[in-house]
Amino acid sequence: MKILFLVYHGFSDVSGISKKIHYQVKGLREGGHEVHLCYYGFAENGHRCRYIDDTVIKDYGAGRLAGIRQRMDYDPIVDYCKQTGIQFVYARCFQNANPFLIRFFRKLGKLGIKSVTEIPTYPYDQEFATFPFSVRMGLKVDQLFRNRLSKEMSAIVTFSDAETIFGQRTIRISNGVDFDSIPVHQYQPQGDEIHLIGVAEVHIWHGFDRLMTGLGEYYKNTPNPRQVFFHVVGGVHPFDMNGDSGKVEGFKSIIDRYGIQDKVIFHGQLFGEELDRVFNQSCFAIGSLGRHRSGITVIKTLKNREYATRGIPFIYSETDSDFDNQPYVLKALPDESPVNVRQILDFIDTHHFQPQDIRRTVEHLTWKIQMKKVIDEA
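Residues numbered from 1 in each chain as written. Predicted model: local features only at pLDDT ≥ 70, side-chain atom pairs only at ≥ 80, totals over all residues. Heavy atoms only, no water.

Asker: What should I look at first to understand the sheet that holds strand 7 (residues 155-158) in this one?
Answerer: Adjacent strands of a sheet pair through backbone hydrogen bonds, lying either parallel or antiparallel. Spatial strand order, 4-3-2-1-5-6-7-9-8: 9 strands in an open sheet with mixed pairing. Of all strands in the sheet, those bounded by a partner on one side alone are strand 4 (55-61) and strand 8 (164-165). Here helix 4 (residues 99-110) sits on the sheet and contacts strand 1 (2-6), strand 5 (88-92) and strand 6 (114-119); the angle it forms with strand 5, its principal contact strand, is near 160°. (Pairing = 2+ DSSP bridges. Helix = DSSP H or I, 4+ residues; strand = E, 2+ residues; numbered from the N terminus. Contact = heavy atoms within 4.5 Å. Axes fitted to C-alpha atoms, helices over the stretch in contact; angles between N-to-C directions.)

Asker: Whenever I open this one, unusual backbone geometry confuses me. Can you help?
Answerer: For residues other than glycine, phi is negative in most cases, and the peptide bonds are mostly trans. Omega for the bond connecting Y122 with P123 falls within 30 degrees of zero, at -5°, which places this linkage in the cis form. Despite not being glycine, F166 shows a phi value in the positive range, around 55°. Structurally, the position occupied by F166 is in the loop between strand 8 and strand 9 (168-172). Positive phi outside glycine occurs at N224, with the angle close to 50°. Here N224 is to be found in the loop between helix 6 (208-221) and strand 11 (228-233).

Asker: What's the story with the environment of D142 in this structure? I'm lost.
Answerer: Residue position: D142 is located in helix 5 (residues 133-151). D142 sits in the buried class, given a relative accessible area of 2%. Between the C-alpha atom of D142 and that of G250, which follows or precedes it by 108 residues, the distance is 30 Å. Contact partners of D142, with chain neighbours within four places excluded, come to Q95, N96, A97 and Y124. Polar contacts involving the side chain of D142 include one to the side chain of Y124, which spans 2.6 Å. (Buried < 20%, exposed > 50% of the residue type's maximum accessible area, 1.4 Å probe, protein only. Polar contact = N/O pair within 3.5 Å; in protein donor to acceptor, adjacent residues only side chain to side chain.)

Asker: I tried to follow the packing of aromatic side chains on my own but got confused; where do I start?
Answerer: The relative placement of two aromatic rings is captured by the distance of their centres and the angle of their planes. One pass over the structure, following the stated rule, counts 22 aromatic pairs. Taken together, the ring pairs in this structure connect F279, F284, Y307, F314, Y316, F323, Y328, F347 and F353 into an aromatic cluster. When the ring centre of Y219 is taken as origin, the NZ or CZ atom of K263, which lies over that ring, is 5.1 Å away. Sitting over the face of the ring of F279, R310 holds its NZ or CZ atom 4.0 Å from the ring centroid. (Phe/Tyr/Trp six-rings, centres within 6.5 Å; stacked < 30°, edge-to-face > 60°. Lys NZ or Arg CZ within 6 Å of the ring centre and 35° of its normal.)

Asker: How should I be thinking about a nonpolar patch on the surface in this particular structure?
Answerer: On the surface, L65, I68, M72 and F100 cluster together into a nonpolar patch covering about 350 Å² of accessible area. Broken down by element, the residue count for the nonpolar patch peaks at 3 residues, all from helix 2 (residues 64-72). Relative to the helices and strands, L65 resides in helix 2. (Patch = residues over 30% accessible without salt bridge, like charges linked within 9 Å, V, L, I, M, F, W, Y side chains within 5 Å. Areas by Shrake-Rupley, 256 points an atom, 1.4 Å probe, with all protein chains shown as cover. Salt bridge = Lys/Arg side-chain N within 4 Å of Asp/Glu carboxyl O.)

Quick look at the structure:
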């Protein structure tokens, strides 16, 4: 099948989302399909351009008007689909439903081209609560048109358990993994120290503040505590560091209040051997601890799957049917209570797993298998 994978933004070497999209494309190709990747970005001369497989199909020019034009003009993609015989379009939701997108997908339907849209997290409205006003206004436009847009789809792809979204049937899959890109965990103990790792582009719904507060309480209330460290790998916005949302306490305030400046280490973005080094000195990983803050109780996050593929035990607070009953998983309460660090230490002391054994439990979650479900059910 000839497939167009459509995203409404560009790519970054440091973005987990970018990597995920490329792994999805790889999974479709491993399934025997011819896949072309359509995206939007900036040329070397600063022009806003629509690309397919690194070839410009439309140059919108520079400036504010160019930015508006690219949000309205999807005809170059329609023309490409007609000329090359595209049979199926897989689009990734960017919370950007509008009349121009509705018109675009309607045209595809009239050409006999099936379309699905992946909604990475659902529901997503509450995720915007702490975002700037301009971003929240964009959501208002999406809310006006997303039901009509969904009617133009064959289905909505979701990582939730929802059977319908915006009035359209769903194809329910799991976030996948790419075994070629994730090495097996090789734990290297650091004496008696316990090192925890959390990897994310940090947002309020990751709930890392709950772990930091729990760590502070552990040191405050434990005579002769063990040396426990929390490594945060990934971008942390000053908004979250300083608690500017007013909804949860900022990381800096928590760390200062408990005096654990040397126990919480912010690495920023790490890749390759540097990332492996921090993983390999850690014996336990931290997943999302605050999904309830964005109104999500059921989700199949990419991070849980990446931890399991690496072969490291981990904790999270949402409902994830792929992992809820796995012995290498510790579940936290989906509330605002500090994470019980003593419970984590007891789990580490009493449970011992081979990384390869954990990795084998997610062999059915490869992107090749997950994307095949989409094609079969669309």
